[in-house]
Amino acid sequence: MLSLNYPIEIQLSAGCDLYSENASENFLYAAYQGEYILSFQGTSFQKAPDAPPWTELVIKVLSGDPGTTETAQRLLYDICPKFVHGLQEAGNPELEREEKPVAWLSSGLSPKHGHLQLVCHVSGFYPKPVWVMWMQGEQEQNSPQRSDCLPDADETWYLRATLDVEAGKEAGLACCVKHSSLGGQDITLYRVRGGGTTPAASLSRQLYLVWGQQPLTSQGQPLLCTRGEQPLAPRPATPPDLTHLDPQLLPSVECNHSFTMLQLLS
């Protein structure tokens, strides 16, 4: 007879891992009082190397019942793979879902005297992991404040990165956005000072150039920009010098993709 000290604790762990070409790895392990004692492998129960001697009696009883062995095989080799495969099929659209981010810039006065707050807004992206950084050329700015990623109503994500910068020294700064949906074509938003000769005018007219590396829309169509009915030339590989443009003309520039828009904020 098997003598046990009560209370007893028995733990079971069973499941399967699916691999390509319908291959799977199945497992069933049992533990007594926190110690591994047996497993089910192939078509039979197997004693663990360090299990107590009485485990052999337990295996004998389990193996003597054909229904127990058949149930274990059916659960591991039939039901489990089908169940996991069904979960995978149902979840694939969500696992493979990608939404491209939309980014824009804004600015305002900083609580710190003589400084501005530059804000890079990034929204509409999925999945959640994203890299957003203020850059000066190739150098990352070490002091931006990044908000938490917050959910939008459409189950995408939104965040903002705020940089406090001394007024008059914000030219040449850019916000860079990297996300898996962009396929390596990062979004870079360049801030260019435009219009006005006084500090007040320079604050009221801020020119932002939303620049991508590939002149295509998200649907793979060529990027088209117009001013009225006049098409603009395709963008070169690097941002142009826009400081000589009349800011009053910029609101009339329209593109067929929000990532590449000249916008004058007032």
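This structure is a prediction, so every number in the text was calculated from the model and none was measured.

Peer 1: Would you mind going over the overall build of the protein chain in detail, with residue names and values included?
Peer 2: Counting its secondary structure elements, the protein chain contains three helices and 18 strands. For the protein chain, the exposed surface amounts to about 16,600 Å²; the carbon and sulfur share of it is 54%.

Peer 1: Account for the nonpolar core, naming residues and giving values.
Peer 2: Across soluble globular proteins, you tend to see nonpolar side chains buried next to one another. Judged by nonpolar contacts, the single largest core of 23 residues is most densely connected at V122, V132, W134, C175 and V177. Elements with a minimum of two residues in this core: β5 (102-109), β6 (115-125), β7 (131-136), β11 (157-166), β12 (173-178) and β13 (187-193). Of all hydrophobic cores here, the second largest spans twelve residues; its members include L28, Y32, I37 and L38.

Peer 1: Got a sec to walk through the sheet that holds strand β3 (residues 35-41)? Specific residues and values, please.
Peer 2: Strands sit in the order β1-β2-β3-β4 across an open sheet of four strands; the sheet is antiparallel. The sheet is open, and its two borders are formed by β1 (10-18) and β4 (44-47), each paired with just one other strand. This sheet shows a mean twist of 25 degrees between the axes of neighbouring strands, independent of strand direction. Two strands pair when backbone bridges link them, and β3 and β4 are joined in this way by four bridges, in the antiparallel orientation. By the bridge assignment for β4, L38 is matched with K47. Each of β3 and β4 is contacted by helix α1 (residues 55-63), which is oriented at about 180 degrees to β4, the strand it contacts most. Running at roughly 45 degrees to β1, helix α2 (residues 66-96) makes contact with β1, β2 (24-32), β3 and β4 of the sheet.

Peer 1: Kindly report on the state of the cysteines, identifying the contributing residues and their values.
Peer 2: One pass over the structure, following the stated rule, counts two disulfides. Two residues, C16 and C80, share a disulfide whose sulfurs are 2.1 Å apart. An S-S torsion of about -95 degrees defines the bridge between C16 and C80 as left-handed. Residue C16 is found in strand β1, and its partner C80 is found in helix α2; the two are separated by 64 residues along the sequence. An identical accessibility class is assigned to C16 and C80; each is buried.

Peer 1: Got a sec to walk through the pairing of β3? Specific residues and values, please.
Peer 2: Inspection of the sheet shows β2 paired to β3 by four bridges, in the antiparallel sense. Counterpart to A30 in the pairing with β3 is L38. What sits between the antiparallel neighbours β2 and β3 is a turn of two residues, in which Q33 has the positive phi angle 55 degrees.

Peer 1: With reference to specific residues and values, describe unusual backbone geometry.
Peer 2: Of note, the amide linkage connecting Y126 to P127 takes the cis form, showing an omega dihedral of 5 degrees. Considering the arrangement of structural elements, one finds P127 in the loop between β6 and β7. The phi dihedral of Q33 falls on the positive side, at around 55 degrees, and the residue is not glycine. Along the chain, Q33 turns up in the loop between β2 and β3.

Peer 1: How would you summarise the side chain of R97 if you had to cite specific residues and measurements?
Peer 2: Tracing the backbone shows R97 in the loop between α2 and β5. Non-local contacts of R97, meaning those with residues more than four positions away in its chain, are made with Y126, P127, D154, E155 and T156.

Peer 1: Hey, could you go over the pattern of salt bridges for me, with residue numbers and the actual values?
Peer 2: Tallied over the full model, the rule gives three salt bridges. Of the charged contacts in the structure, one is a salt bridge between E94 and R97, with a shortest N-O distance of 3.9 Å. Its relative accessible area of 39% is what places E94 among the partly exposed residues. One connected set of salt bridges, linked through shared partners, spans E94, R97 and E99.

Peer 1: Residue-level account of the packing of aromatic side chains, with values.
Peer 2: Within the structure shown, the criterion is met by four aromatic pairs. Note on F27 and Y29: the rings are 6.0 Å apart at their centroids and 20 degrees apart in plane angle, and the pair reads as stacked. By relative accessible area, which is 22% here, F27 ends up partly exposed. A relative accessible area of 41% places Y29 in the partly exposed class. Seen in terms of ring centroids, F40 and F45 are 4.9 Å apart; in terms of plane orientation they differ by 75 degrees. Their pairing is edge-to-face. Within the aromatic cluster, the residues linked to one another by ring pairs are F27, Y29 and Y36.

Definitions and cut-offs
- Residues numbered from 1 in each chain as written.
- Predicted model: local features only at pLDDT ≥ 70, side-chain atom pairs only at ≥ 80, totals over all residues.
- Heavy atoms only, no water.
- Helix = DSSP H or I, 4+ residues; strand = E, 2+ residues; numbered from the N terminus.
- Areas by Shrake-Rupley, 256 points an atom, 1.4 Å probe, with all protein chains shown as cover.
- Core = buried A, V, L, I, M, F, W, Y, C linked by side-chain atoms within 4.5 Å.
- Buried < 20%, exposed > 50% of the residue type's maximum accessible area, 1.4 Å probe, protein only.
- Pairing = 2+ DSSP bridges.
- Axes fitted to C-alpha atoms, helices over the stretch in contact; angles between N-to-C directions.
- Contact = heavy atoms within 4.5 Å.
- Disulfide = S-S within 2.5 Å.
- Salt bridge = Lys/Arg side-chain N within 4 Å of Asp/Glu carboxyl O.
- Phe/Tyr/Trp six-rings, centres within 6.5 Å; stacked < 30°, edge-to-face > 60°.

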